[in-house]
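Secondary and tertiary structure notes
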Amino acid sequence: MEALLLRSTPTSRSRLDSFKSHARRCFGSSSPSSQGGAERSRPPPPTAAATSIAEALRLAPDSLQRLDLSDGSADLRCVNLLCERVGRSCVCRLSLALQRVARRQGGSLTELSLASNGIEELPRGVFEFFEEDDDGKRKSKPCFRALRRIDLSGNPGLKEVCGLGRGETMPALREVVVDRGVRLVVEEEEGEGVDVVEV
């Protein structure tokens, strides 16, 4: 009986060791050394970039820094058959897209490109979304609190842009890129202004 136990012990130990290493690979280890490693591997500060709304929404909240919806982005293309802009970039689609991103990434996004999309108008409300307060009144909230740069170039039908600025809408805005000849109404507070770059 003793000989049998001696022969089976190495086998049972190797199976146990194999199971432990498999468990560590799958579930991680709870040892202090592995916890220290987990602390060292915290997520880096926001540096992520996305080229679609779906990609932006897959990222962790407030981790997106740059959103590039340029060059005829499918996210801005109207699919409503009753809309006169069906198949082209539509301000309604743009507004919905920005609101979806703002709810998840509004605190981290610093750069937004809407260049070369055939955008013809950009109403003030595009960069705001509304929430009801306790009294049931609709209250406007800024979409992107950290946005510093927005690129609107390459949209030849766009003649005027309103509602940009460092007030409540975009408190951190510093630079707007537009085509030459676009009338830009920027709401600035005293202090550091917004640079307008014409291309």
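Report follows, based on the coordinates. (Residues numbered from 1 in each chain as written. Predicted model: local features only at pLDDT ≥ 70, side-chain atom pairs only at ≥ 80, totals over all residues. Heavy atoms only, no water.)

1. Some thoughts on the overall build of the chain
Selection criterion: The numbering of helices and of strands both runs from the N terminus, where a helix is a DSSP run of H or I of at least 4 residues and a strand a run of E of at least 2. Three exposure classes are used, based on accessible area relative to the maximum for each residue type with a 1.4 Å probe and protein chains only: buried under 20%, partly exposed in between, and exposed over 50%.
Across its full length, the chain carries four helices and 10 strands. Helices (α) and strands (β) of the chain occur, in sequence order from the N terminus, as α-α-β-α-β-α-β-β-β-β-β-β-β-β. Counting over 199 residues, the chain shows a buried share of 33%.

2. What about the pattern of salt bridges?
Rules: A side-chain nitrogen of Lys or Arg and a carboxyl oxygen of Asp or Glu constitute a salt bridge if their distance falls within 4 Å.
Per the counting criterion, the structure on display carries seven salt bridges. A salt bridge links Arg-66 to Asp-68, with the nearest nitrogen and oxygen atoms 3.6 Å apart. For Asp-68, a relative accessible area of 19% gives the class buried. Between Arg-183 and Glu-160 there is a salt bridge; the shortest N-O distance is 2.3 Å. With Arg-183 in strand S9 (residues 183–187) and Glu-160 in strand S7 (residues 160–165), this residue pair connects regions lying 23 residues apart in the sequence.

3. What about the nonpolar core?
So the rule is basically this: Among buried residues, the Ala, Val, Leu, Ile, Met, Phe, Trp, Tyr and Cys ones that are joined through side-chain atoms within 4.5 Å form a nonpolar core.
Formed by 36 residues in total, the largest nonpolar core has its most connected members in Leu-67, Ile-150, Leu-152 and Leu-164. Going through the elements one at a time, helix H3 (53–58), strand S2 (64–68), helix H4 (91–105), S7 and strand S8 (175–178) are the ones with two or more residues in this core. Of all the elements, H4 adds the most residues to this core, at six residues.

4. Section: the side chain of Ser-153
Note the following rule: Throughout, a residue-residue contact means that at least one pair of heavy atoms, one from each residue, lies within 4.5 Å.
Relative to the helices and strands, Ser-153 is located in the loop between strand S6 (149–151) and S7. Using a relative accessible area of 12% as the deciding quantity, one classes Ser-153 as buried. Filtering out sequence-adjacent residues up to four positions away, Ser-153 remains in contact with Ala-115, Ser-116, Val-177, Val-178, Asp-179 and Val-199.

5. A word on the sheet that holds S6
Let me state the cut-off plainly: Each pair of strands is called paired provided DSSP finds at least two bridges between the two strands. Here an axis means a line fitted to C-alpha atoms, over the contact stretch when the element is a helix, while the angle between two N-to-C directions is reported on a 0 to 180 degree scale.
Overall, parallel pairing links the six strands, which are arranged S1-S2-S3-S6-S8-S10 in an open sheet. At either margin of the open sheet sits one strand with a lone partner, and together these are strand S1 (48–50) and strand S10 (195–198). Between one strand axis and the next, the sheet turns through 15 degrees on average, direction left out of account. Here S1 pairs with S2 via three bridges, running parallel. What sits directly across from Ala-48, in S2, is Leu-64.

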